[in-house]
Amino acid sequence: MAKRLIGGDSAAPAEAKLAVIPRKQHGISRDDISENALKVLYRLHKGGFEAYLVGGGVRDLLLRHQPKDFDIATNATPEQVRRLFRNCRLVGRRFRLAHILFGRDIIEVATLRGHHQETGKHAKQDDSGRLLRDNVYGTIDEDAERRDFTVNGLYYDISDFSVRDYFGGMEDLKARRLRLIGDPATRYREDPVRMIRAVRFATKLDFTIDKSAAKPIPAMANLLNTIPPARLFEETLKLLMSGKGLDNFRMMRELGLWGPMFPMQEKQLARSPEGKELRLIEAMLKNTDDRVNADMPVTPAFLYAALLWYVVEEKAEAKCQRGIAPFDALTAACGEAISSQCKTVSLPRRFTTPAQEIWQLQGRLDKRSGARAFRLMEHPRFRAAYDFLLLRAEAEQDQELLELSRWWTRFQECDEQAQRQMVRALGGDGRRRRKPRRRKPRSDSGKSDD
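To keep things clear, this report deals only with the structure shown in the data block. (Residues numbered from 1 in each chain as written. Predicted model: local features only at pLDDT ≥ 70, side-chain atom pairs only at ≥ 80, totals over all residues. Heavy atoms only, no water.)

**Quick notes on the pattern of salt bridges**
Charged atoms that come close allow side chains of opposite charge to pair.
Argument step 1. In total, this model carries 24 salt bridges according to the counting rule given.
Argument step 2. Among the salt bridges present, the one from Lys39 reaches Glu35, with a minimum N-O distance of 4.0 Å. With Lys39 and Glu35 both in helix 2 (residues 35-46) and four residues apart, this pair spans about one turn of that helix.
Argument step 3. Residue Glu35 is classed as exposed on the basis of its relative accessible area of 59%.
Argument step 4. Of the charged contacts in the structure, one is a salt bridge between Arg177 and Asp172, with a shortest N-O distance of 2.5 Å. Both residues of the pair, Arg177 and Asp172, count as buried.
Argument step 5. Taken together, the shared-partner salt bridges in this structure form one network comprising Glu171, Asp172, Arg177 and Arg179. (Salt bridge = Lys/Arg side-chain N within 4 Å of Asp/Glu carboxyl O. Helix = DSSP H or I, 4+ residues; strand = E, 2+ residues; numbered from the N terminus. Buried < 20%, exposed > 50% of the residue type's maximum accessible area, 1.4 Å probe, protein only.)

**Some details on the side chain of Asn36**
Argument step 1. Structurally, Asn36 is set in helix 2.
Argument step 2. Overall, Asn36 belongs to the buried group, its relative accessible area being 16%.
Argument step 3. Looking at Asn36, its side chain comes within polar contact range of the side chain of Asp105, at 2.8 Å.
Argument step 4. Leaving out residues up to four positions away in the same chain, Asn36 has contacts with Phe102, Asp105 and Ile107. (Polar contact = N/O pair within 3.5 Å; in protein donor to acceptor, adjacent residues only side chain to side chain. Contact = heavy atoms within 4.5 Å.)

**Re helix 22 (residues 416-425)**
Argument step 1. Turning to helix 22, its buried residues are Gln419, Met422 and Val423. Viewed end-on, helix 22 has its buried residues packed into an arc of 100°, placing them on one side of the element. Structural note: helix 22 exposes Gln417 and Ala425 on the side pointing more than 90 degrees away from its buried face.
Argument step 2. Next to the buried residues of helix 22 lie helix 19 (372-377) and helix 21 (399-413). (Arc of directions from axis to C-beta.)

**Describing the nonpolar core**
Argument step 1. Residues Ile33, Leu44, Leu53, Val81, Leu257, Leu307 and Trp359 are the most contacted members of the largest nonpolar core, which totals 107 residues.
Argument step 2. Per-element tally for this core: the top contributor is helix 16 (residues 300-321), with 13 residues.
Argument step 3. Excluding residues within four positions of it along the chain, Leu307 makes contact with Leu240, Trp258, Phe262, Gln265, Ile281 and Met284.
Argument step 4. Core analysis: the next-biggest nonpolar cluster, separate from the first, contains 18 residues, Leu361, Leu376, Tyr386 and Leu389 among them. (Core = buried A, V, L, I, M, F, W, Y, C linked by side-chain atoms within 4.5 Å.)

**A few points about the side chain of Ser405**
Argument step 1. Within the secondary structure, Ser405 is located in helix 21.
Argument step 2. Ser405 gets classed as buried once you look at its relative accessible area, which sits at 6%.
Argument step 3. In terms of polar contacts, Ser405 uses its side chain to reach the backbone carbonyl oxygen of Leu402, at 2.7 Å.
Argument step 4. With near-sequence residues (within four places) excluded, Ser405 lies in contact with Tyr386, Leu389, Leu390 and Ala393.

**Digging into unusual backbone geometry**
Argument step 1. The phi dihedral of Arg64 falls on the positive side, at around 65°, and the residue is not glycine.
Argument step 2. With respect to the helices, strands and loops of the structure, Arg64 is situated in the loop between helix 3 (56-62) and strand 3 (71-74).
Argument step 3. Even without being glycine, Arg176 reaches a positive phi, approximately 50°.
Argument step 4. The residue Arg176 is located in the loop between helix 6 (169-175) and strand 11 (177-178) in this model.

**Quick look at helix 21**
Argument step 1. The end-to-end C-alpha distance of helix 21, which contains 15 residues, comes to 21 Å, matching closely the 21 Å that a straight helix rising 1.5 Å per residue would cover.
Argument step 2. Three or more residues of helix 21 are buried, namely Leu401, Leu402, Leu404, Ser405, Trp407, Trp408 and Phe411.
Argument step 3. Turning to helix 21, the residues buried within the fold contact helix 19, helix 20 (382-396) and helix 22.
Argument step 4. One side-chain oxygen at the N-terminal end of helix 21 lies 3.1 Å from the backbone nitrogen of Glu400; it belongs to Asp398. (Expected span 1.5 Å × (residues − 1).)

**Some words on the packing of helix 12 (residues 245-254) against helix 15 (residues 276-293)**
Argument step 1. Two elements in contact, helix 12 and helix 15, have axes whose closest approach is 7 Å; the angle formed by their N-to-C orientations is 140°. Regarding the angle of helix 12 to helix 15, the classification is oblique. Of the residues in helix 15, those in contact with Gly245, Leu246, Phe249, Arg250 and Arg253 of helix 12 are Leu278, Ile281, Glu282, Leu285, Lys286 and Asp289.
Argument step 2. Residues belonging to the contact of helix 12 with helix 15 are distributed by class as follows: five nonpolar, one polar and five charged. (Axes fitted to C-alpha atoms, helices over the stretch in contact; angles between N-to-C directions. Parallel < 35°, antiparallel > 145°, perpendicular 65-115°, else oblique. Nonpolar A, V, L, I, M, F, W, Y, C, P; charged D, E, K, R; others polar.)

**Brief notes about the pairing of strand 4 (residues 88-91)**
Argument step 1. What you see with strand 4 is a clean split: Cys88 and Leu90 sit on the buried side and Arg89 and Val91 on the side with no burial.
Argument step 2. Across four bridges, strand 4 lies against strand 5 (residues 97-102) in antiparallel orientation. Each bridged residue has a counterpart across the sheet, and for Val91 the counterpart in strand 5 is Leu97.
Argument step 3. Here strand 4 folds back onto strand 5 in antiparallel fashion, the turn holding five residues, of which Gly92 has a positive phi close to 90°. (Pairing = 2+ DSSP bridges.)

**Considerations on the sheet that holds strand 3**
Argument step 1. Strands sit in the order 1-10-9-2-3-6-5-4 across an open sheet of eight strands; the sheet is mixed. Unpaired on one side and paired on the other, strand 1 (19-21) and strand 4 mark the two borders of the sheet. Adjacent strand axes in the sheet meet at a mean angle of 30° when their direction is disregarded.
Argument step 2. Judged from the three bridges that link them, strand 2 (residues 51-54) and strand 9 (residues 154-157) form a sheet pairing that is antiparallel. When the bridges of strand 9 are listed, Leu53 appears paired with Tyr156.
Argument step 3. Sheet contacts for helix 2: strand 2, strand 3, strand 5 and strand 6 (105-111); angle to strand 6, the most-contacted strand, approximately 35°.

Put into structure tokens, the structure is as follows:
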């Protein structure tokens with residue numbers, strides 16, 4: 001079972017009340033802030049603008065974590081920031097941002113946001129309340145009201161090295177609690193991805209989601225269907241490839257957020273609550289978490305191969321029953337499953353192509369006679385297909401799959417002579433034969449008709 005990360009009683013609503021915590025009381029050291037972020041902060045301040053380190057960077061520094069990013073807020077407009085920094089580019093349409101480039105390091109600078117009661121050239125909402133464009137600039141007080149969670153609404157002021165707290169974020173950090181700034185339902189309508197962020201922050205920081213923030217989520221989860229699939233793909237990677245994927249998956253299902261993003265999988269999970277579908281997804285996520293936490297590489301291709309495998313298998317079996325050849329059925333099922341998934345969470349081709357190769361190799365791993373086993377090991381996706389076979393065997397507890405996975409494990413550990421003996425035991429001679437060269441037909445152009 002997932003660790004309980006949803007709070008019981010609600011804390012008091014977050015109300016605006018500025019508290020300025022001086023340098024001696026908060027513990028943030030400039031030694032822990034990236035050199036490039038400090039350069040940006042100092043230049044903005046020297047240029048006569050307000051400059052604050054804000055968001056997750058301040059939160060993580062106060063928690064004694066190493067921040068992943070150092071984001072900056074200022075009262076300078078994006079165009080004014082660009083005039084200050086030659087290494088600046090402006091990005092974004094929904095939110096206009098300045099990116100300051102230091103080689104591969106990018107420092108993101110946002111202009112302080114204001115309120116958006118009147119929509120028009122700089123701000124726009126759809127009928128559900130979701131913000132489509134939001135380039136209304138304001139003061140730091142207004143910007144603080146626009147932040148999502150109180151612990152993300154803390155500002156480190158480079159002018160005097162104090163921390164400015166407008167909504168009790170410091171208190172919530174001590175209580176390890178996630179509270180939304182403002183009315184939760186309104187904030188979720190503005191940006192439904194905030195519901196996903198609540199889950200991700202809760203597991204990442206080991207915080208509880210305040211009951212007031214958690215309560216509206218199940219009824220509002222379908223708002224995720226209004227989010228572009230490409231954005232949900234990026235959010236999925238943050239959820240499932242962060243080292244907390246298994247906890248995030250369980251919490252997403254508990255709050256009803258999984259179904260809108262992965263409707264085909266949720267349908268299978270509902271039909272078989274403790275079945276192989278659940279076991280495969282959880283085994284894959286545990287494996288991914290272990291690899292991330294051990295600083296080993298992971299790929300979305302393997303992630304989505306597991307998430308979609310039983311969807312593909314179900315579609316392929318239906319096609320086989322209609323008389324379609326197994327390979328053709330699998331190929332068609334792969335395309336249909338990927339196309340359906342892309343309606344909610346997009347899958348770039350650079351990941352779907354290797355995922356399809358992993359699926360197709362599952363049907364070849366039991367064909368090991370002659371030189372087939374040796375040729376399979378030379379396939380660029382062999383290792384991923386083998387790892388996937390291990391997960392399937394664990395999930396299905398099928399005796400044939402378990403034996404097949406053990407055979408491939410032994411085969412990889414043996415020298416070539418022992419490998420040939422293993423193949424002979426299957427009925428082959430164990431020789432690695434080259435594929436015969438196809439000879440071109442002899443040309444008759446030089447022959448006489450006589």
